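# Tertiary structure, described
Given next are the chains, with one letter for each unit.
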Amino acid sequence: MTQRALRSSGEHTPGRPRPARIDAGSELDPVHPMKLPAPAVRARGLTAAEVAERIARGEVNDVPVRSSRSMREIVRANVFTRFNLIIGVLWLIMLSVAPIQDSLFGFVIIANTGIGIFQEWRAKKTLDSLAVIGEVKPTVRRDGVAAEISTSEIVLGDLIELGPGDKVVVDGTVAETDNLEIDESLLTGEADPVLKQAGDPVMSGSFVVAGGGAFSATKVGREAYAAQLAEEASRFTLVQSELRSGISMILKYVTWMMVPAAIGLIISQLVVHNSNVQDSIARTVGGIVPMVPEGLVLLTSVAFAIGVIRLGRKQCLVQELPAIEGLARVDVVCLDKTGTLTEGGMDVTEVRALNGADDPYIRRVLRSLGASDPRPNASLQAIIDAYPSPNGEAWRCTEALPFSSARKYSGAAFVEADGRSSTWLLGAPDVLLPNQDPALDEIEQLNEQGLRVLLLARAEGRLAEPEIAHRAVPTALIVLEQRLRPDAGDTLRYFADQRVATKVISGDNAVSVGAVAGKLGLPGAEHTLDARRLPTDPDEMATAMEENAVFGRVSPQQKREMVAALQSRGHTVAMTGDGVNDVLALKDADIGVSMGSGSEATRAVAQIVLLNNSFATLPSVVAEGRRVIGNITRVATLFLTKTVYSVLLAILVVCFQVEYPFLPRHLTLLSTLTIGVPAFFLALAPNKERAQPHFVRRVMRYSVPSGLIAGIATFVTYMIARHYYTGAGALDAETSVATLTLFLVSMWVLAIIARPYTWWRIVLVASMGAAFLVVLVVPWLQNFFALRLVGAVMPWTAVAIAVVAAAALELTWRLISRRFPA
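Rules used throughout
- Residues numbered from 1 in each chain as written.
- Predicted model: local features only at pLDDT ≥ 70, side-chain atom pairs only at ≥ 80, totals over all residues.
- Heavy atoms only, no water.
- Helix = DSSP H or I, 4+ residues; strand = E, 2+ residues; numbered from the N terminus.
- Buried < 20%, exposed > 50% of the residue type's maximum accessible area, 1.4 Å probe, protein only.
- Contact = heavy atoms within 4.5 Å.
- Areas by Shrake-Rupley, 256 points an atom, 1.4 Å probe, with all protein chains shown as cover.
- Axes fitted to C-alpha atoms, helices over the stretch in contact; angles between N-to-C directions.
- Parallel < 35°, antiparallel > 145°, perpendicular 65-115°, else oblique.
- Nonpolar A, V, L, I, M, F, W, Y, C, P; charged D, E, K, R; others polar.
- Salt bridge = Lys/Arg side-chain N within 4 Å of Asp/Glu carboxyl O.
- Pairing = 2+ DSSP bridges.
- Polar contact = N/O pair within 3.5 Å; in protein donor to acceptor, adjacent residues only side chain to side chain.
- Core = buried A, V, L, I, M, F, W, Y, C linked by side-chain atoms within 4.5 Å.
- Patch = residues over 30% accessible without salt bridge, like charges linked within 9 Å, V, L, I, M, F, W, Y side chains within 5 Å.
- Phe/Tyr/Trp six-rings, centres within 6.5 Å; stacked < 30°, edge-to-face > 60°.

## Quick word on the overall build of the protein
Scanning the protein from N- to C-terminus turns up 28 helices and 21 strands. When the 822 residues of the protein are sorted by exposure, 54% land in the buried category. Considering only contacts in the protein between residues 6 or more positions apart, those separated by 24 or more positions represent 72%. Of the roughly 34,700 Å² that the protein leaves accessible, carbon and sulfur atoms contribute 59%.

## Observations concerning the packing of helix α22 (residues 618-656) against helix α23 (residues 664-683)
Between two packed helices, the angle of one axis relative to the other and the distance separating the axes together describe the packing. Remark: α22 packs on α23, axes separated minimally by 9 Å, with the N-to-C direction vectors making an angle of 175°. As far as their axial angle goes, α23 and α22 are roughly antiparallel. On the side of α22, the interface is formed by Arg627, Asn631, Ile632, Val635, Leu638, Phe639 and Lys642, while α23 contributes Ser671, Thr674, Ile675, Ala679, Leu682 and Ala683. A per-class count over the contact of α22 with α23 returns eight nonpolar, three polar and two charged.

## Describing the pattern of salt bridges
Using the criterion set out here, one finds 24 salt bridges in the structure. Here glutamate 53 and arginine 57 are joined by a salt bridge, their closest N and O atoms 2.6 Å apart. Note that glutamate 53 and arginine 57 are positioned in helix α2 (residues 48-57) at a spacing of four residues, about one turn of the helix. According to the relative accessible area criterion, glutamate 53 is partly exposed, its value standing at 42%. With a shortest N-O distance of 3.3 Å, arginine 462 and glutamate 399 are connected by a salt bridge. Separated by 63 residues along the polypeptide, arginine 462 in the loop between β14 (451-459) and β15 (473-484) and glutamate 399 in strand β11 (residues 396-404) bring together distant segments of the chain. According to the relative accessible area criterion, arginine 462 is exposed, its value standing at 51%.

## Here's the deal with the pairing of strand β1 (residues 139-142)
Where β1 lies against strand β3 (residues 159-162), three bridges are found, and the strand directions are antiparallel. By the bridge assignment, threonine 139 is partnered in β3 with glutamate 161. Pairing of β1 with strand β2 (residues 145-148) involves four bridges; the strand directions are antiparallel. The partner of threonine 139 across the bridge, within β2, is glutamate 148. As consecutive antiparallel partners, β1 and β2 are separated by two residues, and within that stretch aspartate 143 has a phi angle of approximately 55°, a positive value.

## Remarks on the sheet that holds strand β17 (residues 528-530)
An order of β8-β21-β20-β19-β9-β16-β18-β17 is seen for the eight strands of this open sheet, with the pairing classed as mixed. Edge positions in the sheet fall to β8 (316-318) and β17, since each of these pairs with one other strand and no more. The sheet shows a mean angle of 20° between the axes of neighbouring strands, taken without regard to direction. Two strands pair when backbone bridges link them, and strand β16 (residues 501-505) and strand β18 (residues 550-552) are joined in this way by two bridges, in the parallel orientation. For valine 504, the partnering residue across the bridge sits in β18 and is valine 550.

## Focus: the environment of tyrosine 725
As for its position among the elements, tyrosine 725 is in the loop between α24 (695-724) and α25 (730-753). With a relative accessible area of 9%, tyrosine 725 lands in the buried category. Note: C-alpha distance between tyrosine 725 and methionine 794 (69 residues apart in sequence) is 9.1 Å. In this structure, tyrosine 725 is in contact with Ala730, Ala733, Glu734, Val737, Val790, Met794 and Pro795, ignoring residues within four places of it in sequence. At 2.6 Å, the side chain of tyrosine 725 and the backbone oxygen of valine 790 are in polar contact.

## Considerations on the nonpolar core
Core analysis: the biggest nonpolar cluster contains 128 residues, and Leu327, Ile608, Ile632 and Phe772 have the highest contact counts within it. Ranked by the residues each element gives to this core, the list is headed by α22, at 18 residues. Discounting residues that sit within four places of it in the chain, isoleucine 608 has contacts with Cys316, Leu317, Ala323, Leu327, Ile591, Gly592, Val593, Ser594 and Val621.

## Details of the side chain of threonine 491
Along the chain, threonine 491 falls in helix α16 (residues 488-497). Residue threonine 491 is classed as buried on the basis of its relative accessible area of 3%. Within the structure, threonine 491 has its side chain in polar contact with the backbone oxygen of aspartate 487 (distance 2.9 Å).

## Here's the deal with a nonpolar patch on the surface
Residues Met71, Val75, Val79, Phe80, Phe118 and Trp121 make up a contiguous nonpolar surface patch of roughly 560 Å² in combined accessible area. Of all the secondary-structure elements, those providing two or more residues to the nonpolar patch are α3 (71-79) and α5 (107-133). Considering every element that reaches the nonpolar patch, the biggest residue donor is α3, with three residues. The residue phenylalanine 118 is located in helix α5 in this model. We classify phenylalanine 118 as partly exposed; its relative accessible area is 49%.

## Details of the pairing of strand β9 (residues 332-335)
The two faces of the sheet receive side chains in turn, since in a regular strand these alternate between them. On β9, burial covers both faces: Val332 and Cys334 on one face and Val333 and Leu335 on the other are all buried. Pairing geometry for β9 and strand β19 (residues 573-577), over three bridges, is parallel. Each bridged residue has a counterpart across the sheet, and for valine 332 the counterpart in β19 is valine 573. Relative to β16, β9 is paired through four bridges, and the arrangement is parallel. Paired with valine 332 across the strands is alanine 501, a residue of β16.

## Focus: the packing of aromatic side chains
The way to describe two aromatic rings as a pair is by their centre distance and the angle between their planes. Overall, the coordinates contain 12 aromatic pairs when judged by the stated rule. Look at phenylalanine 743 and phenylalanine 772: their rings are 3.9 Å apart centre to centre, the planes differ by 10°, and that puts the pair in the stacked class. One end of the pair, phenylalanine 743, is in helix α25; the other, phenylalanine 772, is in helix α26 (residues 759-777), with 29 residues separating them in the sequence. The structure contains a cluster of three or more aromatic residues connected by ring pairs, namely Tyr361, Trp395, Phe414 and Trp424.

Okay, structure coming up:
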């Protein structure tokens, strides 16, 4: 049972009035006959002096709340990158030796870094607010006085009171109990509450579902169980991103190539030709900067950020930009039953009359039972929902017995509308029925279908009598089923259609979990396995994980081992969870997905937080990730084409001992019109392609030949122009026609990338061509970018060379597509 389920059952939640408690020493409640401790037995808790002494010794619950990376860590991680180092150094050099138009490339650093910092800060702010909302203030008894204090003020030995809905904030031992039942599902995955007796241990992260009591704190701070899990998971780890690692690999190789290229360019531009120092530096940087696909880094961040914004509108918080890529590559999703496939609470599916009982009369009994309990558990709440009691119709309750896990039934005595008296019990059939009763076989079959069965029985005598259950007469079977999420079936079908295996991992009975999964249409739901029979050998466990779809009675440590076993077989694993018991598995999984109502620890380690607690949001994340991966892979070819022709031009310039043909402003213009602006629109276009591996290899197979063709065509034009133009201004004229050739060839690469054509893609490509034409004809733009075509022979020669290069591009792309299909 999740925290949300508990709240639907009427427990205390922050901001709501706490349910009234019966103080120890009060009279026995005639309606709720429960044993209450006598005044002499009631503990007074620690004294003020004892509290001060423990604080001095450091025995305080001082666990820091860590919801995400600190702001300093966020800034450092986004500022100190290889990309920023490369571009930053070159930018500073250009700012000191050249006009501002030659330094435009450096502003990419600010944009890229700003996007990364803003997105992580936004996620951190959301998580911090969730942590504040979820903070609880326990009631601690000191010097005989109970008062609410902050969890950080609890000291070792404090006596902490518990009531329905209260959270156990530190580990301890039960000191007082009044039918105290605790839900440990967030720790163990087991949905059924546990009845606690005096002396029993309680662990942080669990909740009270019924009864009350008090416990003495035995472990506080980092010694507490939940705190230890959070501490082990507190090391922040980044999502494994193939796009990010691929781009990082490209930047690493570019860095290696830049060193010899820079040395060669400096020697050829400064020493060999005795050029002006500032002009030599500017042309050297102009040859190095295009090697760095700086726009690709920025565009990837923008595409991820826009995806995060889109998902945010669907109540999905993405803590790290590449997390949406990671989920799109996942091939196994591990999820819990409670809170993921099922909602809090249950529904009545059938009422089967026994021994000739009258159906309308049974319904009146159920209505009255529902009205008799001010704090119904989940089962009784389902009956109340199915048979609400209209005002004035309920029978008068004279005695009531709340449900207890120890006796496994509840009851009530009534004065009916006609004045007759009757006593009723509602509880577990195996307790209220004799061992050989034929109805037990029928009940067993219902249990195997994932259904829960309660027996309604008529009894004689007072409810407090221990033997009353043995004299009960069966009247009806109440068949309940856990409330399935209405969208869970569609979500499971989506993953099945996308060939993503789904594994249901739960602390509940495996057969029961399998029945629930089967109702939702989970493929392989009939293949269930009790995790207590899982092999300990990692390889054998991996085989069992692949062969089965449903696992029950899973311990927290096993969840972690199961994730590792799947990863050992090469699977990319996503793990969903909301409890403390899920923390380590969430952290080890490739992608961790937490529910917004889950524990603070799970929200801290998960890369994706579903604020609306809806598993159905995940297909949107997958679709967004696929859009980003497919589009970035497409436009990355544009950026790496520029890297290849930049490296080739630098090599040719050094080998032929000529001036580098471009200044940074020329390449900034080309990059903006043939790569930057069109890539931005292409990267945000709809794309439903399946995520494919080997990002670098897929991109390089097209960008290398394209870059070689573009570089050769440009250098041929440049060398012809060097022989054609002479005198003052010759270098500017040579640069202009070389720029024209490179622009036309790059535009053809863009035209190929933009296929299949739609109206907006055609408009996009045409607009870029028109923008370049405007630069060529507007005088002040000509001066700003130092572009002026001289004469008619060389410009038309540049166009002709570009046409030949375009034909070579078409032929090359078709050959590659046929030989190396995607």
